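What the coordinates show
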Amino acid sequence: SKRLNKWLKAHQFCNFIQWSFDPFRLYNPKLIGGKLSIYHCVDLYGFKYYGEDQIASNSDLIFVSSSTFFGTYKNYNKSIFLLPHGISIEEFNIDENEAKAVKISSTDFGLYTGVIDNRIDFDLVEKAVIKFSEISFLFIGPLNLPDDEIAHRIFIENKYPNVIALGPVHFKKLKFYIVQSKFCISFMNIKIEGN
């Protein structure tokens, strides 16, 4: 933070806002010297990490994504505001011609969007895919598979015909898959912190 402050001053960059979303990096905004500092809590870290009490105390404002977070931060900062997650209204406007362009072969599918990596509970995915073999499971997102036998069986060997892995899709096209899906899935490994 001190080196960044020095660099910013050397390049005459002083009229900026430091907007942080976690307590892991740049957790003392006073050392950086911006015009305004915001700690935007989208996840509840529970003050288990070294920098969270510092960033909560030293930020000018705290935005929280849920009203349940207020109690957690009220003793650290008096300037706390609710700024919930939101979805743009355009995501609900579906152009029929564009939607037709992204039709998939299955009409009865569950949808997962996101990186397919070690945060997924592949054992649970496999159990669901086997138990509900008449339903397709559509995965949209980059494959970043761990060295996991089950993950490879599902996504590399393509053992299950009801699993469709499309890879990455432009975020503006996701709504066309979402509107066609019967349900959304999120088989996350609860042993991984943050899940």
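Residues numbered from 1 in each chain as written. Predicted model: local features only at pLDDT ≥ 70, side-chain atom pairs only at ≥ 80, totals over all residues. Heavy atoms only, no water.

1. Focus: the packing of aromatic side chains
Any two aromatic rings considered together are summarised by their centre-to-centre distance and by the angle between their planes. Taken as a whole, this structure holds 15 aromatic pairs when the rule is applied. The interplanar angle of 85 degrees and the centroid separation of 4.9 Å between the aromatic rings of Phe 24 and Tyr 49 together place this pair among those described as edge-to-face. One end of the pair, Phe 24, is in the loop between strand S1 (17-20) and helix H2 (29-32); the other, Tyr 49, is in the loop between strand S2 (36-41) and helix H3 (52-58), with 25 residues separating them in the sequence. According to the relative accessible area criterion, Tyr 49 is partly exposed, its value standing at 26%. Consider the rings of Tyr 112 and Phe 139, whose centres lie 5.7 Å apart with planes at 45 degrees: the pair is tilted. Linking Tyr 112 in strand S5 (residues 109-113) with Phe 139 in strand S6 (residues 136-140), this pair joins segments that are 27 residues apart in sequence. (Phe/Tyr/Trp six-rings, centres within 6.5 Å; stacked < 30°, edge-to-face > 60°. Helix = DSSP H or I, 4+ residues; strand = E, 2+ residues; numbered from the N terminus. Buried < 20%, exposed > 50% of the residue type's maximum accessible area, 1.4 Å probe, protein only.)

2. Here we look at the nonpolar core
Formed by 19 residues in total, the largest nonpolar core has its most connected members in Phe 137 and Phe 139. Secondary structure elements with two or more residues in this core: helix H6 (122-131), S6 and helix H7 (149-155). Contact partners of Phe 137, with chain neighbours within four places excluded, come to Gly 110, Ala 128, Val 129, Phe 132, Asn 162, Val 163, Ile 164, Phe 183, Ile 185 and Phe 187. (Core = buried A, V, L, I, M, F, W, Y, C linked by side-chain atoms within 4.5 Å. Contact = heavy atoms within 4.5 Å.)

3. Observations regarding the sheet that holds strand S4 (residues 80-82)
One open sheet holds the four strands; their spatial order is S1-S2-S3-S4, and the pairing between them is parallel. In this open sheet, the two strands that pair with only one neighbour each are S1 and S4. Strand-to-strand twist in this sheet, taken as the mean axis angle between neighbours without regard to direction, amounts to 20 degrees. Where S2 meets strand S3 (residues 61-64), four bridges bridge the pair, whose relative direction is parallel. Bridge pairing in S3 places His 40 opposite Phe 63. (Pairing = 2+ DSSP bridges. Axes fitted to C-alpha atoms, helices over the stretch in contact; angles between N-to-C directions.)

4. Section: the side chain of Arg 153
With respect to the helices and strands, Arg 153 occurs in helix H7. In contact with Arg 153, not counting residues within four places along its chain, are Glu 126, Asn 158, Lys 159 and Tyr 160.

5. Quick look at a nonpolar patch on the surface
Together, Ile 17, Trp 19, Phe 21 and Leu 83 line one region of the surface with nonpolar side chains, adding up to about 390 Å² of accessible area. Residue position: Trp 19 is located in strand S1. (Patch = residues over 30% accessible without salt bridge, like charges linked within 9 Å, V, L, I, M, F, W, Y side chains within 5 Å. Areas by Shrake-Rupley, 256 points an atom, 1.4 Å probe, with all protein chains shown as cover. Salt bridge = Lys/Arg side-chain N within 4 Å of Asp/Glu carboxyl O.)

6. Focus: the pattern of salt bridges
Tallied over the entire structure, the rule returns six salt bridges. In this structure, Lys 172 engages Glu 91 in a salt bridge whose closest nitrogen and oxygen atoms are separated by 3.6 Å. One end of the pair, Lys 172, is in the loop between strand S7 (163-167) and helix H8 (174-180); the other, Glu 91, is in the loop between S4 and helix H5 (96-100), and 81 residues separate them in sequence. One salt bridge connects Asp 123 with Lys 127, and the closest N-O pair in it is separated by 3.2 Å. Within this pair, Asp 123 and its partner Lys 127 are both found in helix H6, separated by four residues, close to a single helical turn. Residue class for Asp 123 comes out partly exposed when judged on its relative accessible area of 34%. Lys 127 sits in the exposed class, given a relative accessible area of 51%. The network of salt bridges with common partners includes Glu 90, Glu 91 and Lys 172.

7. So, H6
Among the residues of H6, Phe 122, Val 125, Glu 126, Ala 128 and Val 129 are the ones counted as buried. Down the axis of H6, the buried side of the element spans an arc of 165 degrees, and every buried residue falls inside it. Exposed residues on H6 whose side chains face more than 90 degrees from its buried face are Lys 127 and Lys 131. Its buried side turned inward, H6 meets S6, H7 and S7. (Arc of directions from axis to C-beta.)

8. Digging into the pairing of S6
Burial within S6 is extensive, with five of its five residues counted as buried. Side chains of S6 alternate between two faces, with Ser 136, Leu 138 and Ile 140 and Phe 137 and Phe 139 buried alike. Of the pairings in the sheet, the one linking S5 to S6 comprises five bridges and is parallel in character. Residue Tyr 112 lies in a different strand from S6, and its bridge partner there is Phe 139. Each parallel crossover has a hand, and the one from S5 via H6 to S6 is right-handed. Judged from the four bridges that link them, S6 and S7 form a sheet pairing that is parallel. From the neighbouring strand, Phe 139 faces S7, where its bridge partner is Ala 165. Viewed along the sheet, the connection from S6 through H7 into S7 turns out right-handed. (Right-handed = clockwise from strand over helix to strand, strands pointing away.)

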